[in-house]
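# Reading the structure
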2 protein chains.
Amino acid sequence: MTVPSLTALLDLLSGELRDAAATYTRRLSDMRGYYRDPEAEARLLADDPLIYTYGESFAPEVEGQLRFGSTIIQPGRVGDEYFMTRGHYHARPEAGEVYLALRGHGMLVLDRRDGRGEALELRPGTVAYTPPGCAHRAVNVGDEPFSFFSVWPANAGHDYASIQRDGFSLRVVERNGRPTVIPARSAP
Amino acid sequence: MTVPSLTALLDLLSGELRDAAATYTRRLSDMRGYYRDPEAEARLLADDPLIYTYGESFAPEVEGQLRFGSTIIQPGRVGDEYFMTRGHYHARPEAGEVYLALRGHGMLVLDRRDGRGEALELRPGTVAYTPPGCAHRAVNVGDEPFSFFSVWPANAGHDYASIQRDGFSLRVVERNGRPTVIPARSAP
């Protein structure tokens, strides 16, 4: 099989990826139960705010092939918890992922199956590597859209179910006007 | 084996990658015989100009792991041929590579083992995908440094020898002040 070359245009200032093979929009109603404060979630659902948009390229799900995409997370919070992506493990635990932050102020929350979590700060130009075996979630902790470009093995696959069931071991919340990383078990 | 997470800082304006695990500098004397015009090469060797610099991250050479790097190619020509990288195939032909152009004006020249070549134009924000099985070389066709960020499977490996022996099927030269793609067999 000959795979064609491919070009797309990424707006380096906004993070918008034109020519994406697939685009997705996630509103709060698409991620019920992900935030720690059910009452704040219920109040916000009346407006059902846009949380993030996402575009990605296509490449066959074969070893060695790569896909790339961009994600733009809106600024905002559900209660004290910053807007974030759902987050996932790769279905193939050996698959890593590279992030390049383009705009705004974000965090990358990583979790390992053994419960060891960490949070990396992302500013424009930060390149972050999610090593194999880590769940990963991006969080917008600033007051403007936070966007990043990412690249992952095309055969990585996605495991969203583990996160939906267990969540991450860390959450990023606002405390005295500043983003603060807390254990997920803390009371709202 | 637990692989640690990793962050590095990429200057989105210049393309410079700080915190690289390894950096390389390629002067003309490091790539003798790559350009089409031996007399122009010999004349320039007196100054031995810097052609490009390159920095990359480390990740184990294992399936699913990814490495990333940045390349900055200086503006200039050897005779009528624009400054360029040596170019390589991946030793593992199934490995692709993603490029994100950051600054300047460049081209990505691709070649397949069957001799089918193509050249893709790269402007800031262009994302280009080198599919599996393609040799790839970047060329600076502008008057300022051309830089790009790239991501590839950590186990891709490099085959520089095929290019050193056979070259690419296409070359990028200046004609009437404009970058022009010509078959490599053309006379200087």
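Once that is clear, we can look at the sheet that holds strand 3 (residues 22-27) of chain B. In space, the eight strands of this open sheet follow the order 2(A)-1(A)-11(B)-8(B)-13(B)-5(B)-4(B)-3(B), with antiparallel pairing throughout. Edge strands, defined here as strands with exactly one partner in the open sheet, are strand 2 (17-18) of chain A together with strand 3 of chain B. Where strand 5 (residues 66-73) of chain B and strand 13 (residues 146-153) of chain B come together, eight bridges link them in antiparallel fashion. Residue pairing for strand 13 of chain B: R67(B) is matched across the bridge by W152(B).

Here we come to the environment of G69(A). All names here are of chain A. Tracing the backbone through its elements, the reader meets G69 in strand 5 (residues 66-73). For G69 and E56, which are 13 residues apart along the polypeptide, the C-alpha to C-alpha distance reads 3.9 Å. When neighbours within four sequence positions are excluded, G69 is seen to be in contact with L17, Y54, G55, E56, S57 and S150.

Let us look at the interface of chain B and chain A. Listed by partner, the interface residues are 38 residues for chain B and 39 residues for chain A. Every element with two or more residues in the side of chain B that touches chain A is listed here: strand 1 (6-10), strand 5, strand 8 (97-103), strand 10 (117-122), strand 11 (126-130) and strand 13 of chain B. The residue makeup of the side of chain B that touches chain A, split by class, is 24 nonpolar, nine polar and five charged. For strand 1 (residues 6-10) of chain A and strand 11 of chain B, the ladder comprises four bridges, and the chain directions are antiparallel.

Okay, the pairing of strand 9 (residues 106-112) of chain B next. Residue and element names in this part refer to chain B. Burial within strand 9 is extensive, with six of its seven residues counted as buried. Hairpin remark: strand 9 followed by strand 10, antiparallel, with four residues in the connecting loop; positive phi at G115, about 90 degrees. When strand 9 meets strand 12 (residues 134-140), the two strands line up antiparallel, connected through seven bridges. Its bridge partner being in strand 12, V109 is matched across the sheet by R137.

Here we come to the sheet that holds strand 10 of chain B. Residue and element names in this part refer to chain B. A sheet is described by the order of its strands in space; here three strands give the open sequence 10-9-12, paired in antiparallel fashion. In this open sheet, the two edge strands, each paired with only one partner strand, are strand 10 and strand 12. Neighbouring strand axes in the sheet, compared pairwise and without regard to direction, differ in orientation by 20 degrees on average. The pairing of strand 9 with strand 10 spans six bridges and is antiparallel. Of the residues in strand 10, the one forming a bridge with M107 is E121.

There are two copies of the chain, and a rotation about an axis plus a shift along that axis relates them. Between the two copies, chain B and chain A, the superposition gives an RMSD of 0.0 Å; the rotation angle is 180 degrees and the shift along the axis is 0.0 Å. The relationship between the two copies is best expressed as a two-fold rotation axis. If distances are taken from each C-alpha of chain B to the rotation axis, the shortest is found for V151(B), at 3.5 Å. Interface overlap between copies: 100% of the residues of chain B at the interface are likewise at the interface in chain A, consistent with a symmetric, same-surface contact.

Turning our attention to the nonpolar core. Judged by nonpolar contacts, the single largest core of 105 residues is most densely connected at V98(A), Y99(A), L100(A), V109(A), V98(B), Y99(B) and L100(B). When sequence neighbours within four positions are dropped, the list of residues in contact with L100(B) reads L10(A), F149(A), V127(B), F148(B) and F149(B).

We note that D19(A) has phi near 65 degrees; this positive angle belongs to a residue other than glycine. With respect to the helices and strands, the residue D19(A) is situated in the loop between strand 2 and strand 3 (22-27). Positioned with a positive phi, N176(B) is a non-glycine residue whose angle comes to about 55 degrees.

Rules of the game
- Residues numbered from 1 in each chain as written.
- Chains lettered and ligands numbered in written order.
- Predicted model: local features only at pLDDT ≥ 70, side-chain atom pairs only at ≥ 80, totals over all residues.
- Pairing = 2+ DSSP bridges.
- Helix = DSSP H or I, 4+ residues; strand = E, 2+ residues; numbered from the N terminus.
- Contact = placed C-beta atoms within 7 Å.
- Nonpolar A, V, L, I, M, F, W, Y, C, P; charged D, E, K, R; others polar.
- Buried ≥ 20, exposed ≤ 12 C-beta atoms within 10 Å, placed from the backbone.
- Axes fitted to C-alpha atoms, helices over the stretch in contact; angles between N-to-C directions.
- Least-squares fit on C-alpha atoms with pLDDT ≥ 70 in both.
- Core = buried A, V, L, I, M, F, W, Y, C linked by C-beta atoms within 7 Å.

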